[in-house]
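Coordinate analysis (summary)
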Amino acid sequence: MSQHSGTTGLTTSPAPPIDETGQPTEGADGVSRRGFLGFVVAGATLMAAADLALTEAPAEAAIPTIPSIPELYDLNDLLTHAALPTSNLITINVNEDGTASFALPRAEVGQGITTSTAMIIAEELELPLDKVNVTLSPARPELLFNQLTGGSNTTISTYTPIRVAAAIAKMELLKAAAILLGDTIGNLVAKGGVIEAPDGSSVTYGELARKAASPTTKKVKVDLKPDAGFALVGTPQNRIDALDAVTGKKEYTTDLQIPDALPTMVCRAPTLNGVPLAIENKAEVLALEGVTDVALIDTGVAVRAETFGQAIDGVRALKVRWLDGPVAGESDQDVLKKVRKAELPMPALPKNPLAHTVSADFTFWFRSNSAMDTNSAIADVRGGKATIWAGLKSPIIAQQKIAKELGLKQADVEVNVVQSGGSFGRRLFYDAALEAAKISKAMGKPVKLMWHRADDARVGRAHPMATSRVRASLLGKEVLVFHQSHTSIETDFRHGLGEVITANAADLPAGAGNLGFAETIFTLTQEVPYNFGVVLQTLAETDPRFNTGSMRNIYSPDVRAANELVVDMLAKEAGLDPYEFRRKMLRIKKVKAVLDKVAEEGEWGRSMPAGTAQGIAIHKEYKGVSACLVEIDCRPETVNRKIYDAVSGPRVTKVTFAIDVGLPINPRGLEAQMQGGITDGIALALTSSLHLRDGHFMEASWDNYFYTRQWNAPPEVNVIVMPASSDQPGGAGEAGVAASFAAVACAYARATGKVPTEFPINHGEISFEEKPRVPPVPESPTDGLDHTY
């Protein structure tokens, strides 16, 4: 066990025996469902850690569907169980100033997990929220699978370990207070960081921090606080970093002031993944004002300068001889042909002369994973050591791969995790950190690497192009069979579960390892919660030449949009209202509850003008359920409205969204997450895609990548957080996307009378002038104020 030398704090760790569902049971140690085992870790002040060692309503449909695999064991179960063996290495410190500190082994990328984690600690420890300091842990290889941020799993997998560690800390404080105050533990009350005796005498946590500390590590038992006693968890709270974010005090990677780490940018090839062969004017570029270094690496030519503007000038001045990338000369339609060629044969539907076949084929184009905070990293590689700073969701594998690339021991590479402004799956990879390390090694100096927005769009991680084919058989008002076959450009999972063993397994030759990961993740996330008779969903992937990643919600937005559109088609064929048809077919009570909620709150079925319509959809994943009802305006006067330098098109005018995550830790944060997911869903349906032309993506910034903008955002959004339906939290980070995308697609079909088959619907229109690819980035602006309005 790590002793964390140099820290001051009490450490505890939860260790309940658990059943096959991952819930605590009565065990050999006499531990009850609310009782846990943990550790008080040796230290100067109190430190506590957890030890979690591996110890619905009937539907009206007549033809039932057996439970799918994710209903029995899903991706979150896999990630949570993978993290259990090292949960005792995650510790909470109680400090002499009365605060508690916790280094969260996950990445804060704007989803609000530092706030929800602080709330969990404050609740169990009986400490004010502003007395809890949550930081991000650097790479800790000993955590193995327990330092991966993904799959909306952070709160699910850390909720119990953190609670147990905090509860043990409180118990040890109470023991120390009982001795000091001369009373029994049962008579003492802990509240607000103070322990009080019946006679009015009291002592603060800070005064007890050293007295409660243990000179040796010992195993202890503890009971958790009853859920009914929660005063903080489940209440709306502002983010603990909100003030810093809006006042510019919050530090991201490029804000860090690391000595001699000068701004650095990379000149990239005019085709996707092209390789630099030679620099033809290195001396000329080195002579430019502010430029200090120029180095050729495998992904381009790096320029280090005193300012980012000077680095841009250097990138623009470079003359480089390139080897074209692997997709040179190809465009969208060429790649789509390859995807269709890889499609699996679909099983024949049962022959029944009375049954109707309902079928549809859908195409989903490439989409960008670009976040507000572009890829960036700081690297200092000198003297046989390397130190890295970056926003990383899998820092252990980043550390291991960087060490291998540099020829260093893993212990000689320090990887620090920095808060990031968005991820959407991109930061599961460590592209910028690895690139910065290569540049620093080549130059022999520290570098502060920032990707240009053009780099993000042109060579950054993209959501892969895919097709989804659905075939269903309807007899009267009952569905006999529902088959869906999803085919995609390879989704890169070579980050594994965040460490080198599974990452190398995913990188086995000929794509076999990555396909195994893809099939596993697809199987553990996709489900059809309707009674649709025989349900079959399959995945095929092809073509590893693109830079792809797990865009927010991975496969679910595309898969759900396709099958919910077909659900509407089935409802029409059966002569039933889309909402009533879903209600009839749903076999899970919680899904039916959120569906009913949005139908009621969103006034489903109300009269609407021609060219406008409502759409409704559901989704189930990550231990949670959601439903979305939208209203869309597809009338010509809306579609063709003129907006300065913008793409308009149909507009979603109203969204009603209901989410049940089991136990909502912070309803306000959850509402914000759903609002973000809604804008994602609208973009995926209507405007957001990349265009591949002649071996490169045309988009090069957000002025020509059409994410949901203010003029396309719905004026009315109502997010309903359902009351707690469980004593355990579900996933929230991705839960808003799939149902929103599907509901917008269904609304568009009802408003126009035509089921859309390509997404986004405007992909066929090029409504911008492409930026040059040589030089690869535009000039650094000097007249920004002239373009505000």
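Keep in mind the model is a prediction, meaning the values are calculated, not measured.

**Details of the overall build of the protein chain**
Looking only at helices and strands, the protein chain features 20 helices and 32 strands. The C-alpha radius of gyration of the protein chain comes to 27 Å, within 12% of the 28 Å expected for a compact globule of 789 residues. In terms of its C-alpha atoms, the protein chain occupies a principal-axis envelope of roughly 80 × 75 × 55 Å. Considering the protein chain as a whole, with its 789 residues, one finds that 62% of them fall into the buried category. Carbon and sulfur atoms provide 54% of the accessible area of the protein chain, an area that totals close to 29,900 Å². Here the protein chain holds 76 positive side-chain charges and 92 negative ones, and the gap between their average locations is 2 Å.

**Focus on a nonpolar patch on the surface**
Judged by side-chain polarity, Val-275, Leu-277 and Leu-323 come together as a nonpolar surface patch covering roughly 250 Å² of accessible area. For Val-275, the position within the fold is in strand 12 (residues 275–279).

**Here's the deal with the nonpolar core**
Nonpolar side chains in soluble globular proteins tend to end up buried together. Among the nonpolar cores identified, the biggest contains 73 residues, and Phe-532, Leu-570, Phe-581 and Ile-632 are the most heavily contacted of them. At twelve residues, helix 20 (residues 737–752) tops the list of elements feeding residues into this core. Leave out the neighbours within four places in its chain, and Leu-570 touches Val-358, Ala-472, Leu-474, Val-479, Phe-482, Phe-532 and Phe-581.

**A few points about the packing of aromatic side chains**
One pass over the full model with this rule turns up eleven aromatic pairs. Geometrically, the ring pair formed by Phe-532 and Phe-581 is tilted, given 6.3 Å between the ring centres and 35° between the ring planes. Of this pair, Phe-532 sits in the loop between helix 14 (512–525) and strand 25 (534–542) while Phe-581 sits in helix 16 (residues 578–585), and the two are 49 residues apart along the sequence. You can call Phe-532 buried: its relative accessible area is 0%. Since its relative accessible area comes to 0%, Phe-581 is described here as buried. Linked through ring pairs, Phe-482, Tyr-530, Phe-532 and Phe-581 together constitute an aromatic cluster. Sitting over the ring of Trp-451, Arg-268 keeps its end group 4.4 Å from the ring centre. The ring of Trp-702 has Arg-453 lying over it, and the distance from NZ or CZ to the ring centre is 4.1 Å.

**Focus on the domain arrangement of the protein chain**
The domain boundaries assigned to the protein chain delineate domain 1 (2–233), domain 2 (253–326 + 375–450) and domain 3 (332–368 + 461–759). In this structure, domain 2 and domain 3 have C-alpha centres spaced 36 Å apart. The junction of domain 2 with domain 3 conceals about 1,600 Å² of combined surface from both sides, 57% of it contributed by carbon and sulfur atoms. The largest per-residue losses of area from domain 2 upon contact with domain 3 belong to Leu-272, Phe-424 and Phe-429, which jointly make up 37% of the total buried on that side. In this assembly, domain 2 and domain 3 are joined by one salt bridge. Grouping the constituent residues of the side of domain 2 that touches domain 3 by class yields eight nonpolar, five polar and three charged.

**Describing empty space enclosed by the protein**
In this structure, the largest cavity occupies an estimated 120 Å³ of space. Arg-268, Ala-269, Pro-270, Arg-458 and Val-459 are, among the 13 residues lining the largest cavity, the residues nearest its centre. Within the residue set of the lining of the largest cavity, elements represented by two or more residues are helix 12 (453–459) and strand 30 (696–697). For the lining of the largest cavity, the leading source of residues is helix 12, giving four residues. Partitioned by chemical class, the residues of the lining of the largest cavity number seven nonpolar, two polar and four charged.

**Examining the pairing of strand 18 (residues 376–382)**
Most of strand 18 is tucked away, with six of its seven residues classed as buried. One ladder, built from four bridges, connects strand 18 with strand 21 (residues 447–450); its direction is antiparallel. Note that in strand 21 the partner of Ala-377 across the bridge is Leu-449. Where strand 18 lies against strand 19 (residues 385–390), six bridges are found, and the strand directions are antiparallel. When the bridges of strand 19 are listed, Ala-377 appears paired with Ala-390. Between the antiparallel neighbours strand 18 and strand 19 lie two residues, among them Gly-383 with a positive phi of about 60°.

**Details of the sheet that holds strand 31 (residues 716–721)**
With respect to topology, four strands assemble into an open sheet ordered 26-27-28-31, the strand pairing being mixed. A single partner strand is all that each edge strand has here, and the edge strands are strand 26 (612–621) and strand 31. Mean inter-strand twist for the sheet, computed between neighbouring axes without regard to direction, equals 10°. Relative to strand 27 (residues 624–633), strand 26 runs antiparallel, the two being bridged by ten bridges. If you follow Gly-615 over to strand 27, its bridge partner there is Val-630.

**Topic: the side chain of Lys-654**
As for its position among the elements, Lys-654 is in strand 28 (residues 651–660). The exposure class of Lys-654 is buried, given its relative accessible area of 12%. Apart from the residues lying within four places of it in its own chain, the contact partners of Lys-654 are Gly-602, Glu-603, Leu-629, Val-630, Glu-631, Pro-714 and Glu-716.

Basis of the calculations
In every chain, residue numbers begin from 1 and rise along the written sequence. This being a predicted model, a pLDDT of at least 70 is required before a residue's local features are given, and a value of 80 or more before pairs of side-chain atoms are given or counted; all residues contribute to the totals for chains, interfaces and linings. The side-chain quantities take in all heavy atoms of the structure and omit both hydrogens and water. Only DSSP runs of H or I reaching four residues or more are called helices, and only runs of E reaching two or more are called strands; each is numbered from the N terminus. For the radius of gyration, the atom set is restricted to C-alpha positions; the globular benchmark scales as 2.2 Å times the number of residues to the power 0.38. Throughout this description, buried means an accessible area under 20% of the type-specific maximum (1.4 Å probe, protein chains only), exposed means over 50%, and partly exposed covers the range between. Only the protein chains shown count as cover for residues, and the accessible areas themselves come from Shrake-Rupley with a 1.4 Å probe. Charged residues are defined here as Lys and Arg on the positive side and Asp and Glu on the negative side; His and the ends of the chain fall outside this count. Here the site of a charge means NZ on Lys, CZ on Arg, CG on Asp, or CD on Glu. Without a salt bridge and with relative accessible area above 30%, a residue can belong to a patch; like charges are then joined within 9 Å and nonpolar side chains (Val, Leu, Ile, Met, Phe, Trp, Tyr) within 5 Å. Only one rule defines a salt bridge in this text: a Lys or Arg side-chain nitrogen within 4 Å of an Asp or Glu carboxyl oxygen. Nonpolar cores were defined as sets of buried Ala, Val, Leu, Ile, Met, Phe, Trp, Tyr and Cys residues, with membership established by side-chain atoms within 4.5 Å. Any two residues whose heavy atoms approach within 4.5 Å at even a single point are treated as in contact. The criterion for an aromatic pair is that two Phe, Tyr or Trp rings (for Trp, the six-membered ring) have centres within 6.5 Å, with stacked assigned to planes under 30 degrees apart, edge-to-face to planes over 60 apart and tilted to the rest. Should the NZ of a Lys or the CZ of an Arg lie within 6 Å of a ring centre and within 35 degrees of the ring normal, that charge is described as sitting over the ring. The start and end points of each domain follow an automatic or database-based domain assignment. Put simply, buried area is how much 1.4 Å-probe accessible surface two parts lose in total, over both of them, once they are put together. Throughout this entry, Asp, Glu, Lys and Arg are counted as charged residues, while Ala, Val, Leu, Ile, Met, Phe, Trp, Tyr, Cys and Pro are counted as nonpolar. The remaining residues, Gly among them, count as polar. The way it works is a 1 Å grid over only the protein atoms, where trapped points that fit a 1.4 Å probe form a cavity and open points with protein on both sides within 12 Å along at least five of seven lines form a pocket, and then any residue with an atom within 4 Å of a point lines it. Grid points are joined across faces, edges and corners, and a volume is the space filled by probe spheres set on the points. Two strands are counted as paired when DSSP detects at least two bridges linking them. Only C-alpha atoms enter the line fits that serve as axes; for helices the fit covers just the stretch in contact. Angles between N-to-C directions range over 0 to 180 degrees.

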